[in-house]
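Now for the letters of each chain:
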Amino acid sequence: MDPTQPAPPTSNITVRRGEPLVVVEHVDKHYGELHVLNDINTVVNRGEVVVVIGPSGSGKSTLCRAINRLETIDSGSISIDGQKLPEEGAALAKLRADVGMVFQSFNLFAHKTVLENITLAPTRVRRMSRKAAESEAMELLDRVGVANQAKKLPAQLSGGQQQRVAIARSLAMNPKLILMDEPTSALDPEMINEVLDVMVGLAKDGMTMIVVTHEMGFARKAADRVLFMADGRIVEEATPAEFFDHPTSDRAKDFLSKILDH
Ligand SMILES: Nc1ncnc2c1ncn2[C@@H]1O[C@H](COP(=O)(O)OP(=O)(O)OP(=O)(O)O)[C@@H](O)[C@H]1O
Ligand SMILES: [Mg+2]
């Protein structure tokens, strides 16, 4: 061995791109009797793309919402970029600004134009000038392929276009992390790919992403890691190839046989 060369990386199932950005440790949450998050532990490194899949009711959305502090947790800890999630106040607002969130149901402001939807937070929260915010917004709209829709209201756009605007809006805050909860589930089939293409582009650009989706093509193409959840637990954590080709748990085998048969 050449002592001037760094040691080869030790075997590791995951692609570890950077230092930890999101650290989830022993997180528990109940809704009454229901143990909706059961001892959740995971680390998402900077630049990693993690796809979360699992049956309905397994806790995927709750986990996403907990990471963005839209839900409280009973115990355990979640930190982002070395900072424990604040309970409330200015520190929480700052954290929210650092974490982009894209939902199934676009959630654009209906009475504001596409351009205004993008510039609102940067001008109000980041105190950017309108001119600078608009020029950045136009670049982002161009990046997601809807620059020609800037003056329209959301209702005048297709679902796929609206979701791409929602992605551009989350990017406008220059987030450290983007959480997406079933971003293509509400879309007509012919619009799914235009949104997935934008998501693959973000992944290639090195954006750290946690994506709840049943789009297996996206998971295979873009994910570094798949988390499979069932009954509030992370049952499997593996690379997409390992997970889809060699699931180890009965729960995952059963789930995959159901979704892949269609
Ligand atoms: N506010 C709430 N109050 C009580 N129970 C809730 C609440 N929100 C979610 N639950 C329950 O917690 C469980 C997990 O819900 P969650 O939305 O996280 O599941 P999910 O994995 O995202 O499911 P889906 O694939 O259907 O979106 C479900 O049984 C749900 O009914
Ligand atoms: Mg959900």
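Quick caveat, the model's predicted, so the values are computed rather than measured.

Student: Explanation requested: the sheet that holds strand E4 (residues 75-80) in the structure shown.
Tutor: Two orientations exist for strands paired in a sheet by backbone hydrogen bonds: parallel and antiparallel. Taken together, four strands build an open sheet; the order of strands is E2-E1-E4-E5 and the sheet is antiparallel. Edge positions in the open sheet fall to strand E2 (34-45) and strand E5 (83-84), since each of these has one partner strand only. Here strand E1 (residues 20-31) pairs with E2 via eight bridges, running antiparallel. Residue pairing in the sheet places Val-23 in a bridge with Val-43 of E2. Helix H1 (residues 60-67) rests against E1, E2 and E4 of the sheet, and its axis sits at about 60 degrees to E2.

Student: Where do I start with the UniProt feature "domain: ABC transporter" (unreviewed entry) in the protein in this structure?
Tutor: On the UniProt side, "domain: ABC transporter" (unreviewed entry) is annotated at positions that read residues 22-256 here. The distance separating the terminal C-alpha atoms of residues 22-256 is 27 Å; by composition the span is 39% helix and 26% strand.

Student: Hey, could you run me through the sheet that holds strand E8 (residues 209-212) in this one?
Tutor: Across the sheet, which stays open at both edges, the six strands sit in the order E6-E7-E8-E3-E9-E10 with mixed pairing between neighbours. The two strands at the open ends of the sheet, each matched to only one other strand, are strand E6 (99-102) and strand E10 (233-238). The sheet shows a mean angle of 20 degrees between the axes of neighbouring strands, direction not considered. Alignment of strand E9 (residues 225-230) against E10, held across five bridges, turns out to be antiparallel. Note that in E10 the partner of Ala-230 across the bridge is Arg-233. Packed onto the sheet, helix H2 (residues 90-98) meets E6 and strand E7 (177-181) and runs at close to 60 degrees relative to E6. Along the sheet, helix H5 (residues 159-172) makes contact with E6 and E7, crossing E6 at roughly 170 degrees.

Student: Explain unusual backbone geometry to me, please; I cannot follow it from the model alone.
Tutor: In this structure, His-26 is a non-glycine residue whose phi angle is positive, near 45 degrees. Turning to its location among the elements, His-26 is positioned in strand E1. Residue Asn-174 is not a glycine yet carries a positive backbone phi of 55 degrees. Take Asn-174: it is sitting in the loop between H5 and E7. Exposure remark for Asn-174: the relative accessible area of 63% places this residue in the exposed category.

Student: I keep staring at the pattern of salt bridges and nothing clicks. Help me out?
Tutor: Once their charged atoms are close, side chains differing in charge can pair, the charge on each being opposite to the other. Counted under the stated rule, the structure contains 16 salt bridges. The salt bridge partner of Lys-29 is Glu-71, with a shortest N-O separation of 3.7 Å. Here the residue Lys-29 occupies a position in strand E1, and Glu-71 occupies one in the loop between H1 and E4, the gap between them amounting to 42 residues. Overall, the relative accessible area of 4% leaves Lys-29 in the buried class. Across the pair Asp-81 and Lys-176 runs a salt bridge whose closest N-O atoms are separated by 2.9 Å. Of the two residues, Asp-81 sits in the loop between E4 and E5 while Lys-176 sits in the loop between H5 and E7, which places them 95 residues apart along the sequence. By relative accessible area, Asp-81 is classed as partly exposed at 28%. Look at the salt bridges and you will find they share partners, linking Glu-19, Arg-46, Asp-81, Lys-94, Asp-98, Arg-126 and Lys-176 into a network.

Student: Looking at this structure, how should I read the site of ligand 1?
Tutor: Lining the immediate surroundings of ligand 1 are Tyr-31, Leu-34, Val-36, Pro-55, Ser-56, Gly-57, Ser-58, Gly-59, Lys-60, Ser-61, Thr-62 and Glu-182. Contact between ligand 1 and Lys-60: an oxygen atom at 2.7 Å from a side-chain N or O atom of the residue. Ser-61 is positioned such that a nitrogen or oxygen atom in its side chain is 2.8 Å from an oxygen atom of ligand 1. Against a free-state accessible area of 640 Å², the protein chains account for coverage of 58% of ligand 1. For the shell around ligand 1, the secondary-structure elements that each account for two or more residues are E2 and H1. For the shell around ligand 1, the element with the most residues is H1, which contributes three residues. Looking at side-chain class alone, the shell around ligand 1 contains four nonpolar, six polar and two charged residues.

Rules and cut-offs
Within every chain, residues take consecutive numbers counted from 1 along the sequence as written. Chains and ligands are labelled sequentially in the order written, the chains with letters from A and the ligands with numbers from 1. In keeping with the predicted nature of the model, local features appear solely for residues at pLDDT of at least 70, side-chain atom pairs appear and are counted solely at 80 or more, and the whole-chain, interface and lining totals rest on all residues. To get the side-chain values, all heavy atoms of the structure are used, and hydrogens and water are removed first. Here, strands pair whenever DSSP counts at least two bridges between them. The helix and strand labels rest on DSSP assignments: H or I over at least four residues marks a helix, E over at least two residues marks a strand, and numbering proceeds from the N terminus. Whether two residues are in contact is decided by their heavy atoms: any pair within 4.5 Å suffices. For helices, the fitted axis covers only the stretch in contact; all axes are lines through C-alpha atoms, and the angles between them, taken along N-to-C directions, range from 0 to 180 degrees. UniProt positions are given in the numbering used here, feature names are shortened, and annotations may be inferred rather than shown by experiment. A simple rule labels every residue: compare its accessible area, found with a 1.4 Å probe on the protein chains alone, to the largest value its type can have, and call it buried under 20%, exposed over 50%, or partly exposed in between. Every case where a carboxyl oxygen of Asp or Glu lies within 4 Å of a side-chain nitrogen of Lys or Arg is listed as a salt bridge. A single heavy atom is enough: if one lies within 4 Å of a molecule or strand, its residue is considered near that molecule or strand. A 3.5 Å cut-off defines polar contacts: any pair of N or O atoms within that distance qualifies, except that in protein one atom must be a possible hydrogen donor and the other a possible acceptor, and neighbouring residues in sequence count only when both atoms are side-chain atoms. Computed by Shrake-Rupley with a 1.4 Å probe, the accessible areas treat only the displayed protein chains as cover when residues are assessed. Basically, the charged four are Asp, Glu, Lys and Arg, the nonpolar ten are Ala, Val, Leu, Ile, Met, Phe, Trp, Tyr, Cys and Pro, and anything else, Gly included, counts as polar.

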